[in-house]
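# Chain and residue survey
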Amino acid sequence: SYLIKNGFEEVNFSEDWQLKADKKYFTKIYDSTLIAFIPHQNLREGMKIAVSHTDFPCLKIKPSADIMQNDYGKLNVEVYGGMILNTWFDRPLSIAGKVVLKGQDCYQPDVKFVDFKRPLMIIPNLAIHMDRSINSGKSISKQKEMLPLAFMQTENNSEDELANDNSKLIKLLAEELSCAQEDILSYDLTVYQVETPYYLGFAGELVTAPRLDNITSVKACIEGIIADKRKVGLDIAVLFDNEEVGSRTKQGGASNVIERIYMAFGYTRQAFLADLAKSFMLSIDVAHAMHPNYIEKNDLTNKPILNKGLAIKMAASQSYAGDAEAIAIVRALCEKYKINYQMYVNNSDIPGGSTIGSMASALLTMRTLDVGIPILAMHSARETMGKDDQKSLEKLVRVFFEGFY
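A brief structural summary. (Residues numbered from 1 in each chain as written. Predicted model: local features only at pLDDT ≥ 70, side-chain atom pairs only at ≥ 80, totals over all residues. Heavy atoms only, no water.)

## Brief notes about the side chain of Lys313
The condition that has to hold: The secondary structure listing takes helices from DSSP runs of H or I that are at least 4 residues long and strands from runs of E that are at least 2 residues long, numbered from the N terminus. Only protein chains enter the accessibility calculation, which uses a 1.4 Å probe; a residue is then buried when its area is under 20% of its type maximum, exposed when over 50%, and partly exposed in between. In this tally, Asp and Glu contribute negative charge and Lys and Arg positive charge; neither His nor the terminal groups of the chain are included. Salt bridges are defined as contacts in which a side-chain nitrogen from Lys or Arg sits within 4 Å of a carboxyl oxygen from Asp or Glu. Whether two residues touch is decided by their heavy atoms; if any such pair falls within 4.5 Å, the residues are in contact.
One can find Lys313 in strand S16 (residues 310–314). Asp370 provides the closest opposite charge to the buried, salt-bridge-free Lys313, at an N-O distance of 4.9 Å. Not counting the four nearest positions on each side in its chain, Lys313 is found in contact with Asp285, Val286, Ala287, Tyr320, Ala321, Tyr344, Thr355, Leu369, Asp370, Val371 and Gly372.

## A few points about the sheet that holds strand S1 (residues 8–10)
Under the convention used in this document: At least two DSSP bridges between two strands are needed for those strands to be called paired. The convention used is that axes are lines fitted to C-alpha atoms, helices contributing only their stretch in contact, and that angles between N-to-C directions extend from 0 to 180 degrees.
If you trace the nine strands from one edge of the open sheet to the other, you get S1-S2-S3-S13-S4-S14-S18-S16-S17, paired in mixed fashion. Only two strands of the sheet have a single neighbouring strand rather than two, namely S1 and strand S17 (341–345). Here the average twist between neighbouring strands, direction ignored, is 25°. As judged from the five bridges shared by strand S2 (residues 24–29) and strand S3 (residues 33–39), these two strands associate in the antiparallel manner. Its bridge partner being in S3, Lys28 is matched across the sheet by Leu34. In the packing of helix H9 (residues 387–402) onto the sheet, contacts are made with strand S4 (42–53), strand S13 (232–240), strand S14 (280–284), S16 and strand S18 (367–372), and the angle to S4 comes to roughly 160°.

## Focus on the side chain of Ser392
Within the secondary structure layout, Ser392 lies in helix H9. Beyond its immediate stretch of four places on either side in the chain, Ser392 contacts Gly309, Leu310, Ile339 and Asn340.

## A word on the packing of aromatic side chains
Applied cut-off: Paired rings are identified among Phe, Tyr and Trp, the last through its six-membered ring, by centres lying within 6.5 Å, and are further divided according to the angle between planes into stacked (under 30 degrees), edge-to-face (over 60) and tilted (the rest). We count a charge as sitting over a ring when the NZ of a lysine or the CZ of an arginine lies within 6 Å of the ring centre and within 35 degrees of the ring normal.
Here the structure, examined in full by the defined rule, presents eight aromatic pairs. Consider the rings of Phe13 and Tyr30, whose centres lie 6.4 Å apart with planes at 65°: the pair is edge-to-face. On the criterion of sequence distance, the pair formed by Phe13 in the loop between S1 and S2 and Tyr30 in the loop between S2 and S3 is long-range, its members being 17 residues apart. Aromatic ring contacts, followed pair by pair, group Trp17, Tyr25 and Phe37 into a single cluster. Its guanidinium or amino end placed over the ring of Phe151, Lys168 lies 5.8 Å from that ring's centre, counting from NZ or CZ.

## Examining the layout of surface pockets
Using the following cut-off: Only protein atoms enter the 1 Å grid used here. Points where a 1.4 Å probe fits but cannot escape make up a cavity, open sets with protein on both sides within 12 Å along at least five of seven lines make up a pocket, and a residue lines them when an atom lies within 4 Å of a point. Grid points are joined across faces, edges and corners, and a volume is the space filled by probe spheres set on the points. Note on residue classes: Ala, Val, Leu, Ile, Met, Phe, Trp, Tyr, Cys and Pro are nonpolar, Asp, Glu, Lys and Arg are charged, and everything else, Gly too, is polar.
If you add up the space inside the largest pocket, you get close to 1,200 Å³. Taken together, 33 residues make up the lining of the largest pocket; nearest its centre are Asp31, Ser32, Thr54, Asp55 and Phe56. Secondary-structure elements contributing two or more residues to the lining of the largest pocket are S3, strand S5 (58–69), strand S7 (93–105), strand S8 (108–115), strand S10 (184–193) and helix H4 (212–226). At six residues, H4 tops the list of elements feeding residues into the lining of the largest pocket. Broken down by class, the residue content of the lining of the largest pocket amounts to 13 nonpolar, nine polar and 11 charged. Approximately 650 Å³ is the volume attributed to the second largest pocket. Its residues assigned to classes, the lining of the second largest pocket shows 10 nonpolar, six polar and four charged.

## Remarks on unusual backbone geometry
Put simply, Asp213 and Asn214 share a cis peptide bond, and its omega is 20°. A positive phi angle, close to 50°, is found at Asn70, a residue other than glycine. You will see that Asp71, though not glycine, has its phi angle at about 75°, which is positive. Structurally, Asp71 is set in the loop between S5 and strand S6 (72–80). Using a relative accessible area of 36% as the deciding quantity, one classes Asp71 as partly exposed.

## Overview of the packing of H4 against H9
Counted only if it meets this: Crossings are classed by handedness, with left-handed meaning an anticlockwise turn of the near helix from the far one by less than a right angle and right-handed meaning a clockwise turn.
Interhelical geometry of H4 versus H9 gives an angle of 35° and a closest axis separation of 8 Å. Along this stretch, H4 crosses H9, giving a crossing that reads as right-handed. Of H9, the residues touching H4 (which contributes Thr216, Ser217, Lys219, Ala220, Cys221, Glu223, Gly224 and Ile225) are Gln390, Leu393, Glu394, Val397, Arg398 and Phe401. Its residues assigned to classes, the contact of H4 with H9 shows six nonpolar, four polar and four charged.

Laid out in structure tokens, this is it:
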């Protein structure tokens, strides 16, 4: 709805596209990836692409999820992505995602979306009196210790009833969606923290919130494409799913749908491939800020600090996309428009993570650079950032779409 309010028109991914120059469009891919794009009059003047990801490390609810033990009702879940497990204990949790119902046609089920937006569950810690080693470092069983407490047995809720497939989760979903329990065929449900973001620091200079990885980058991509002022070429913002588990899915960073835009305007594949060579992509994902208590974990000379600007990310392994020319282009933009930036390189003894950038740039054969805001506690239930760094990132994406061709 935010894109529609800003003049973008939705086109269906499963239909032929009839596009017009200088109009704004967006399309959704299997409900979890979004592409917003603006084809200008002179389409072949080069592409500007800003990519990010929508997913985050979390818990996913398994099928037949209800577990009833000793009057406690838990949900069977699995870990999605590389989350810091112990940060999820003792936090209010809710449920959001997709529920698929029976349709008129077996091949056309009815898809509904749900977000309870209120605390429903908790994963309680074990008291220190029952585990004196809890502060000494211990492994956590994902199957045993990460199960959320969701309900208690009552007179109307016996173990026998649950054994007969009267699922409390299915009942909850049916009530929320006003549908029959027997119509629910499947679901893709995420457990997430329902906690409020806060400003903190003595001067309110910091922000702490769940899912800064990668809401910060998503917001920068959307604000950038909305503010687009370029008159030529093709400008695109892509929000992929499944980055946290490798991106190799139909809606992940390994997808390639940009050629469809060229085809809609009657251009050949050869034209599309040729234009990739004069195009540029920003891969936007968070970086590791220097931790105040673990300074040795960062590189010796490249130590991003909160509120000192966005991070330009480099890696000899190419786990972050980039080359000397790409770095020079982004640094020039930052210096021209007075945008604060820092350099990020991994400590050579700590390989770090990866992003969409290298995979997407290899598929598109396009010059690409990885950037993002530095944060603390990446993949924790709550992460921390500098308030001013988001302004720097959003300004970079806006001037990026204004054009340097």
